[in-house]
Amino acid sequence: MGRVSGKVAIVTGGALGMGRAHAEALAREGASIVIADLNAEAGSATVKELEQSGAKAMFVPLDVASEESWTKAVDAVVTRFGHIDILVNNAGIYLSGTTESTTLDVWEKTFAVNVRGVFLGSKTVIPHMRRAGAGSIVNVCSNWGIVAFPDAAAYVASKGAVRLLTKATASEVAKDNIRVNSVHPSLTATAMTADIIANDPETTRKLVGPSLLGRPARAEEVANAVLFLASDEASFMTGSEMAVDGGYTAV
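Residues numbered from 1 in each chain as written. Predicted model: local features only at pLDDT ≥ 70, side-chain atom pairs only at ≥ 80, totals over all residues. Heavy atoms only, no water.

Visitor: How do you make sense of the overall build of the chain when you look at a structure like this?
Guide: Assigned secondary structure in the chain consists of eight helices and nine strands. For 251 residues, the compact-globule formula gives about 18 Å, and the C-alpha radius of gyration of the chain, at 17 Å, lands near that figure. Expressed as lengths along the three principal axes of its C-alpha atoms, the size of the chain is roughly 50 × 35 × 35 Å. Taken over 251 residues, the chain has a buried fraction of 52%. Carbon and sulfur atoms make up 56% of the accessible area of the chain, which amounts to about 11400 Å² in all. Computed over 22 positive and 26 negative side-chain charges, the separation of the two mean positions in the chain equals 5 Å. (Helix = DSSP H or I, 4+ residues; strand = E, 2+ residues; numbered from the N terminus. Rg over C-alpha atoms; globule rule 2.2 N^0.38 Å. Buried < 20%, exposed > 50% of the residue type's maximum accessible area, 1.4 Å probe, protein only. Areas by Shrake-Rupley, 256 points an atom, 1.4 Å probe, with all protein chains shown as cover. Lys, Arg positive; Asp, Glu negative; His and termini not counted. Charge placed at Lys NZ, Arg CZ, Asp CG, Glu CD.)

Put into structure tokens, the structure is as follows:
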């Protein structure tokens, strides 16, 4: 216990699914948690449960694609907790489509959330981490940010962008004792994927793909990697990519 004790962690898209799992893992290890999400009802419910478990937590409304929304959210966090130590850029969307069939609207929506959101989050939080003397940014990417998948052109491109944005940002802020790493999960069992996994074995098989372990990840398995990178245990890791994909990208 206490692997991130005393630290303040912002988790975007933390109200549900994988983001909630990240928040719970960080809270169990002593962090104060900020659930930053558009879903106020689910976000507030998650905060209540975290507080009932003994954690300090707050909800802030956040549109990750909006610079103004980021500024307001971060100001609220600093007002409440005084500092920011961890940022988990988890919020993301997936809209299918090939390069030929993807509309410009789908492309821009995907990049607004998946790439602009990571850029704005890092840009807004870094000055506060610099003043605190240290920080850890964990960008939740995808195995499809390392290898491609058909009918996912915008998503694959956006996650590839996040993968290299992670490295670029890491190269810029290492001197400030701020680490920036990415996590690359494959298909993960959450409430959002439960119906596919339970009722569509053919689609599940395609999504599991060449995974050596042959199954979806559990949300807590991805959260364990996020927790490690957020903690001081990963003090010599920056600009790295951690595949939590059951061996999907190994062969």
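Visitor: Explain the pattern of salt bridges to me, please; I cannot follow it from the model alone.
Guide: It is possible for side chains of opposite charge to pair when their charged atoms get near one another. This structure, assessed with the given rule, holds 14 salt bridges. Two residues, Lys 175 and Asp 176, come together in a salt bridge whose shortest N-O distance is 3.8 Å. Take Lys 175: its relative accessible area is 69%, and that puts it in the exposed class. The class for Asp 176 is buried, based on a relative accessible area of 16%. Residues joined in a network through salt bridges with shared partners are Arg 215, Arg 218, Glu 220 and Glu 221. (Salt bridge = Lys/Arg side-chain N within 4 Å of Asp/Glu carboxyl O.)

Visitor: Any chance you could explain unusual backbone geometry here in plain terms?
Guide: In most cases, non-glycine residues show a negative phi, while peptide bonds are predominantly trans. With a phi angle near 65°, Asp 151 is a residue other than glycine that sits in the positive phi range. Structurally, Asp 151 is set in the loop between strand E5 (135-140) and helix H5 (153-173). A relative accessible area of 38% places Asp 151 in the partly exposed class. Positive phi, close to 65°, is recorded for Asn 177, a residue that is not glycine.

Visitor: Even after reading the chapter, I still don't get the environment of Asp 63, so can you show me in this structure?
Guide: Structurally, Asp 63 can be placed in the loop between strand E3 (57-61) and helix H3 (67-81). Assessed through its relative accessible area of 33%, Asp 63 is described here as partly exposed. Taking the C-alpha atoms as reference points, Asp 63 and Thr 12, separated by 51 residues in sequence, lie 9.2 Å from one another. If we ignore the near neighbours within four places in the chain, the residues touching Asp 63 are Leu 38, Ser 69 and Trp 70. (Contact = heavy atoms within 4.5 Å.)

Visitor: What exactly am I supposed to notice about H5 here?
Guide: For an α-helix the count is 3.6 residues per turn, leaving residues at separations of three or four pointing the same way. Taking 1.5 Å per residue as the helical rise, H5 with its 21 residues ought to reach 30 Å, and the 30 Å between its terminal C-alpha atoms agrees with that figure. Among the residues of H5, Ala 153, Ala 154, Tyr 155, Val 156, Ser 158, Lys 159, Val 162, Thr 166, Thr 169, Ala 170 and Val 173 are the ones counted as buried. Elements that come into contact with the buried residues of H5 comprise helix H4 (104-132), E5 and strand E6 (178-185). (Expected span 1.5 Å × (residues − 1).)

Visitor: I would appreciate a short explanation of the pairing of strand E9 (residues 241-244) in the present structure.
Guide: Successive residues of a regular strand alternate their side chains across the two faces of the sheet. Only one face of E9 is buried: it carries Met 242 and Val 244, and the other face, with Glu 241 and Ala 243, is open. Looking at chain direction, E6 and E9 are connected through four bridges and run parallel. Bridge assignment links Val 183 to a residue of E9, and that residue is Met 242. (Pairing = 2+ DSSP bridges.)

Visitor: Quick question: what am I supposed to make of the pairing of strand E1 (residues 8-12) here?
Guide: Most of E1 is tucked away: five of the five residues are buried. Here E1 shows a buried face lined by Val 8, Ile 10 and Thr 12 and a second buried face lined by Ala 9 and Val 11. As paired elements, E1 and strand E2 (residues 32-37) share five bridges and run parallel to each other. The partner of Val 11 across the bridge, within E2, is Ile 35. With helix H1 (residues 17-28) bridging E1 and the parallel E2, this β-α-β connection has right-handed handedness. In terms of strand pairing, E1 meets strand E4 (residues 86-89) through three bridges, oriented parallel. Bridge pairing in E4 places Ala 9 opposite Ile 86. (Right-handed = clockwise from strand over helix to strand, strands pointing away.)

Visitor: Please explain the sheet that holds E9 as it appears in this structure.
Guide: Pairing between sheet strands relies on hydrogen bonds along the backbone, with the strands arranged either parallel or antiparallel. The sheet built from seven strands is open, its strands ordered E3-E2-E1-E4-E5-E6-E9 with parallel pairing. Of all the strands in the sheet, just E3 and E9 have a single pairing partner and so form its edges. Here the average twist between neighbouring strands, direction ignored, is 20°. The sheet contacts of H3 involve E1, E2, E3 and E4, and relative to E3 the element is tilted by about 160°. Packing against the sheet, H4 makes contact with E1, E4, E5 and E6, and its axis sits at approximately 180° to E4. (Axes fitted to C-alpha atoms, helices over the stretch in contact; angles between N-to-C directions.)

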